[in-house]
Amino acid sequence: MSDVHPTARDGFQQGAHYDLHRPSYTDEIVKYTISRLLHTNNEGVKYTVLELGAGTGLFTRKMLQNLPREVTYLATDPSVGFLSVLREHSPDVTTAVCQATQIPLPDSSVENILCAQCFHWFATEAALQEMTRVLVPGGRIMLLYNNKLYKSVQWMTQMEAILDEYYDHTPRKFSGQWRETMESSPLVRFVEHKFMDGLPDMKGDKNFVVDHFTSISVIAKLTGTEFEGAVKKFHRILDEHFPGEDDIVMPLDSEFYCVEKC
Ligand SMILES: C[S@@+](CC[C@H](N)C(=O)[O-])C[C@H]1O[C@@H](n2cnc3c(N)ncnc32)[C@H](O)[C@@H]1O
């Protein structure tokens, strides 16, 4: 049975479009994540890193570029289309199609679970139960996020207001519900939470910015006139704020959050 939210199922299909228009991750957060990985000599460990919701591998490929080759890494996602893009970029990494509530690994076989830009999609006690099942005692769960700084510039605030029209009750990182799940669970204990500078070069022309917004699941899942209507609304805002200007910067920060298995 699939626990994947219908909006994630339908909105995370077009891997190539997503991969081209979503931010990668800063060297700083990648190196920091690597410095926080738990390494044990426990018997039965199969993977140092299990990445859930790895998608097209934007975070995976940065990690793999920076990790020693001997680190065992399993990249997973429920979207077959997204994982196929990940495999094109990182043909040597082991992958599996799976959702957070059904991980095809034995108990206590993973030292660290990484979730980049995705934990809010499966922030439930059931998923934490499954994640902590596969973790070794004291094993870590690290969440990474690129946050668009919607409140920092007026045009981004207006783009966010359009997105709001489509979100309804769809899980959203900004709701903070992911954090409540973590902090109310008896299965994990808090380790750390920090913000860092984001990528400075998430920028492009108006089409690039609109393509970024159409890669967001609640828009990507739309079809026909509904999709075209959303695209027009995004363009209208950009035309108003950037007449004749085609080098638009999307301000971001990076967020790192870590818990460990109790
Ligand atoms: C915004 S994308 C992030 C992808 C990638 N980590 C990145 O940084 O670009 C969210 C990902 O979460 C995955 N996802 C959604 N529901 C999930 C679930 N229940 N279990 C595991 N992954 C899930 C989606 O398929 C999608 O690839």
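All figures in this text were calculated on a predicted structure; none of them were measured in a lab.

*Asks:* Got a minute to help me understand the overall build of the chain in this structure?
*Replies:* Counting secondary structure elements, the chain contains eleven helices and nine strands. Against the 2.2 N^0.38 benchmark of 18 Å for 262 residues, the chain shows a C-alpha radius of gyration of 18 Å, consistent with a compact globule. The principal-axis extents of the C-alpha atoms in the chain amount to approximately 60 × 35 × 35 Å. Of all 262 residues assigned to the chain, the portion counted as buried reaches 38%.

*Asks:* Sorry if this is basic, but what is going on with the pairing of strand E5 (residues 135–148) here?
*Replies:* Side-chain direction in a regular strand flips from residue to residue, so the side chains alternate between the two faces of the sheet. For E5, a buried count of ten out of 14 residues is recorded, marking the element as mostly surrounded by other parts of the structure. Sheet topology note: the strand E4 (residues 110–116)/E5 ladder contains six bridges and is parallel. Counted as the bridge partner of Val110 is Leu135 from E5. Regarding topology, helix H6 (residues 125–134) serves as the crossover connection from E4 to the parallel E5, and that connection is right-handed. In this sheet, strand E9 (residues 252–261) lies alongside E5 in antiparallel orientation, the contact comprising nine bridges. Note on E9: the bridge partner recorded for Arg140 is Glu260.

*Asks:* Would you take a moment to explain the packing of helix H3 (residues 27–35) against helix H4 (residues 58–66) for this structure?
*Replies:* For any two helices packed against each other, the geometry is given by the interaxial angle and the distance between the axes. Where H3 meets H4, the axes come as close as 10 Å, and the angle between the chain directions of the two elements is 65 degrees. For the crossing formed where H3 meets H4, the hand is right-handed. Here Val30, Lys31 and Ile34 of H3 come into contact with H4, specifically with Lys62, Met63 and Asn66. Of the residues assigned to the contact of H3 with H4, the class counts are three nonpolar, one polar and two charged.

*Asks:* Please clarify how the nonpolar core should be interpreted in this entry.
*Replies:* Grouped together as the largest cluster of nonpolar side chains are 48 residues, with contacts concentrated most on Ile113, Cys115, Met131 and Leu144. Considering every element that reaches this core, the biggest residue donor is E5, with six residues. In contact with Ile113, other than residues within four places in its own chain, are Leu50, Leu52, Met131, Leu135 and Ile141.

*Asks:* Would you mind showing me how to read the environment of Ala100 here?
*Replies:* Turning to its location among the elements, Ala100 is positioned in the loop between strand E3 (94–97) and E4. By the C-beta count within 10 Å, which is 24 here, Ala100 ends up buried. As for Ala100 and Met1, which are separated by 99 residues in sequence, their C-alpha atoms are 12 Å apart. Excluding residues that lie within four positions of it along the chain, Ala100 makes contacts with Leu52, Phe122, Ala127, Glu130 and Met131.

Rules behind the numbers
- Residues numbered from 1 in each chain as written.
- Predicted model: local features only at pLDDT ≥ 70, side-chain atom pairs only at ≥ 80, totals over all residues.
- Helix = DSSP H or I, 4+ residues; strand = E, 2+ residues; numbered from the N terminus.
- Rg over C-alpha atoms; globule rule 2.2 N^0.38 Å.
- Buried ≥ 20, exposed ≤ 12 C-beta atoms within 10 Å, placed from the backbone.
- Pairing = 2+ DSSP bridges.
- Right-handed = clockwise from strand over helix to strand, strands pointing away.
- Axes fitted to C-alpha atoms, helices over the stretch in contact; angles between N-to-C directions.
- Left-handed = near helix turned anticlockwise from the far one by under 90°.
- Contact = placed C-beta atoms within 7 Å.
- Nonpolar A, V, L, I, M, F, W, Y, C, P; charged D, E, K, R; others polar.
- Core = buried A, V, L, I, M, F, W, Y, C linked by C-beta atoms within 7 Å.

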